[in-house]
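Residue-level structure breakdown
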Amino acid sequence: MAVTAMPSERLNLTLTPEHEMIQQAARKFAQDKIAPIAAEHDESGEFPLDTIREMGRMGLMGIEIPEEYGGAEMDTIAYVLAMVEISKADASHGTIMSVNNSLFCHAILKFGTEEQKKTVLMQVASGYAIGAYSLTEPMSGSDAGTMKSRAVLNEAGTHYVINGRKSWVTSGPVADYILVFTMTEPEKMHKGITAFLIETDKPGFERGKKEPKLGIRASATSEVIFDNYQCPVENRLGEEGEGFKIAMTVLDAGRVGIASQALGIAEAAYEASVQYAREREAFGESIGSFQMIQQKIADMKTRIEASRLLIYSAALAKERSKNTGERYTLEASMAKLFASETAMWVTHQAVQIHGGMGYSKELPIERYFRDAKITEIYEGTSEIQRVVIARNQLGLR
Ligand code: CAA
């Protein structure tokens, strides 16, 4: 049997000099500027506006967006590398960065008009303004197609009037623009959902209660309320009825970002655990010499590296999709599922290895543990990722 040429270069996982450059720049900024303030912001819940603005100036708030629209014009691997470094220092910064990059900027780049790209995208990708994404409602979470909020086109056909309440909006308390999904034709279910770009300084928009959270406490999350908000037709993203597809397409990109965040949290917990296992002594030996600790270290490292490979695979699939338009839903869901469950498991082991110190706020280990949990919930729970993966494999909808 003839063996055709193998495209082995596609399996080359070596980073390019540009990738190493962004990884090192993000690492230096994260360790110098973010790590020292992370515990304080976790305690106070204060949004870290100064460091987010600095990240904008470094190009980290619109990494994959072309320079002409305010971004850094790099690829998805660069985005993953930067997300890991930022999240390793502080998962809250990672959440704000991920939503801005993949749920907001990516959506406008893919579905926006030239005018929307030159105005809104330009401001958000450069970090001058903050972007958010709002799909969830109090009674509509995993079943995103059942939302109750409404947008009705006025008689003149110039504005939509939006009413309703959306919940769990990351960066909701501070966002300048929010990509909101709402019903224009409720009888059509998911085919009746439309996407809108909301300007948060306009009448009819109100920020609701800020959520008191277990983790990622410096990433502000709130409800947002629409009371006869007038949205100009030019601020609709895509066509009427395209909202659900836009929401799902964008979530595929978002899930690559959250998987990278989870990897960053897991790496931070793992590296601290290795150091502690070398230094901490019990029964006259370092605890790392005990096989029960060694088993944890071995399994933590193996799961982390497996997560990294799934994330790189999803990032490369997303990169290919820029040319082919093919979906990478399967790769994104597998990466998000595995990396988030790894982050939860690894941070749990890290607390155990550190014993009492793992439970104390004197070290960041308990914060990693609290922060990891959200990665199994937002942008699609682990259960939803399993539904997506299984349906894909079984050929079901
Ligand atoms: N890309 C493009 N299109 C997609 C898609 C994707 N990834 N997934 C589904 N679609 C399309 C389907 O092809 C189908 O199109 P047609 O009607 O033209 O055939 C349509 O969307 C409906 O698809 P389904 O029948 O599969 O839809 P469903 O109602 O069964 O839902 C689901 C599928 C996977 C459960 C989906 O609802 C889902 O992902 N739910 C989770 C929502 C979620 O992640 N919420 C988190 C919100 S963001 C957040 O966390 C807050 C934050 O700020 C970070």
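Only a predicted model underlies this, so the values are computations on that prediction, with no experimental measurement involved. (Residues numbered from 1 in each chain as written. Predicted model: local features only at pLDDT ≥ 70, side-chain atom pairs only at ≥ 80, totals over all residues. Heavy atoms only, no water.)

Let's talk about the domain arrangement of the chain
Entries for the chain in the domain assignment read domain 1 (17-129), domain 2 (132-243) and domain 3 (251-394). Look at where the C-alpha atoms of domain 2 and domain 3 centre, and you get two points 31 Å apart. On the domain 3 side, the residues contacting the seven residues of domain 2 number nine residues. When domain 2 packs against domain 3, the two sides together hide about 620 Å² of surface, and 68% of this comes from carbon and sulfur. Summed over the three residues of domain 2 that lose the most area to domain 3, namely Ser142, Leu214 and Ile216, the buried surface amounts to 68% of that side. Our enumeration of links across domain 2 and domain 3 arrives at zero salt bridges. At the junction of domain 2 and domain 3, the tally comes to two residue pairs in polar contact (both at pLDDT 80 or more). (Domains from an automatic or database assignment. Contact = heavy atoms within 4.5 Å. Buried area = accessible area lost by both parts, 1.4 Å probe. Salt bridge = Lys/Arg side-chain N within 4 Å of Asp/Glu carboxyl O. Polar contact = N/O pair within 3.5 Å; in protein donor to acceptor, adjacent residues only side chain to side chain.)

Some remarks on the pattern of salt bridges
As enumerated under the stated definition, the model contains 26 salt bridges in all. The salt bridge partner of glutamate 211 is lysine 209, with a shortest N-O separation of 3.1 Å. Shared partners join several salt bridges into a network, and the residues in it are Lys88, Glu267, Glu271, Lys301, Glu305 and Arg308.

Some remarks on the nonpolar core
In this structure, Val80, Tyr270, Ile311, Val346 and Ile353 are the most contacted members of the largest nonpolar core, which totals 44 residues. For this core, the secondary-structure elements that each account for two or more residues are helix H3 (76-89), helix H6 (243-279), helix H7 (291-324), helix H8 (329-354) and helix H10 (365-375). Per-element tally for this core: the top contributor is H6, with 14 residues. (Core = buried A, V, L, I, M, F, W, Y, C linked by side-chain atoms within 4.5 Å. Buried < 20%, exposed > 50% of the residue type's maximum accessible area, 1.4 Å probe, protein only. Helix = DSSP H or I, 4+ residues; strand = E, 2+ residues; numbered from the N terminus.)

As for H6
Over its 37 residues, H6 runs 53 Å from end to end, which matches the ideal 54 Å to within 8%, given 1.5 Å per residue. Along its length, H6 reaches its greatest deviation from straightness, about 25°, at aspartate 252. By the criterion of burial, H6 is predominantly enclosed, with 29 of the 37 residues buried. (Expected span 1.5 Å × (residues − 1). Bend = angle between axes of the 7 residues up to and from the residue.)

Side note on unusual backbone geometry
In terms of backbone geometry, most residues other than glycine have negative phi values and most peptide bonds are trans. Residues other than glycine seldom take positive phi values, yet methionine 189 does so here, at roughly 50°. Tracing the backbone shows methionine 189 in the loop between strand E4 (177-183) and strand E5 (193-199). The backbone phi angle of asparagine 228 is positive, close to 55°, even though this residue is not glycine.

Here's the deal with the site of the ligand
By nearness alone, 25 residues border the ligand, and Ser142, His190, Lys191, Glu379 and Arg397 come closest of all. Taking lysine 191, its side chain carries an N or O atom lying 2.8 Å from an oxygen atom of the ligand. Within the side chain of threonine 329, one N or O atom sits 3.2 Å away from a nitrogen atom of the ligand. Those elements giving two or more residues to the shell around the ligand turn out to be strand E3 (159-170), H6 and helix H11 (382-394). Top element by residues in the shell around the ligand is H6. It accounts for seven residues. (Near = heavy atom within 4 Å.)

Section: the pairing of E5
Taken across its seven residues, E5 has six buried, putting it largely inside the fold. Bridging between E4 and E5 involves seven bridges; their strand directions are antiparallel. Bridging from a neighbouring strand, valine 180 pairs with phenylalanine 196 of E5. In this sheet, strand E8 (residues 236-237) lies alongside E5 in antiparallel orientation, the contact comprising two bridges. Paired with alanine 195 across the strands is leucine 237, a residue of E8. (Pairing = 2+ DSSP bridges.)

A look at the packing of aromatic side chains
Evaluation of the coordinates by the stated rule reveals five aromatic pairs. Ring geometry for phenylalanine 205 and phenylalanine 226: centres 5.6 Å apart, planes at 65°, overall edge-to-face. Within this pair, whereas phenylalanine 205 is found in strand E6 (residues 205-210), its partner phenylalanine 226 is found in strand E7 (residues 221-232), the two being separated by 21 residues in sequence. A relative accessible area of 3% means that phenylalanine 226 is categorised as buried. Among the aromatic residues, those joined into a ring-pair cluster are Phe205, Phe226 and Tyr229. A cation over a ring is seen here: arginine 303 above tryptophan 345, with NZ or CZ 3.7 Å from the ring centre. (Phe/Tyr/Trp six-rings, centres within 6.5 Å; stacked < 30°, edge-to-face > 60°. Lys NZ or Arg CZ within 6 Å of the ring centre and 35° of its normal.)

Quick word on the environment of isoleucine 389
Following the sequence through the fold, isoleucine 389 ends up in helix H11. The class for isoleucine 389 is buried, based on a relative accessible area of 14%. Spatially, the C-alpha atoms of isoleucine 389 and tryptophan 345 are 21 Å apart, while their sequence positions differ by 44 residues. When near neighbours in sequence (up to four residues on either side) are disregarded, isoleucine 389 contacts Leu330, Ser333, Met334 and Leu337.

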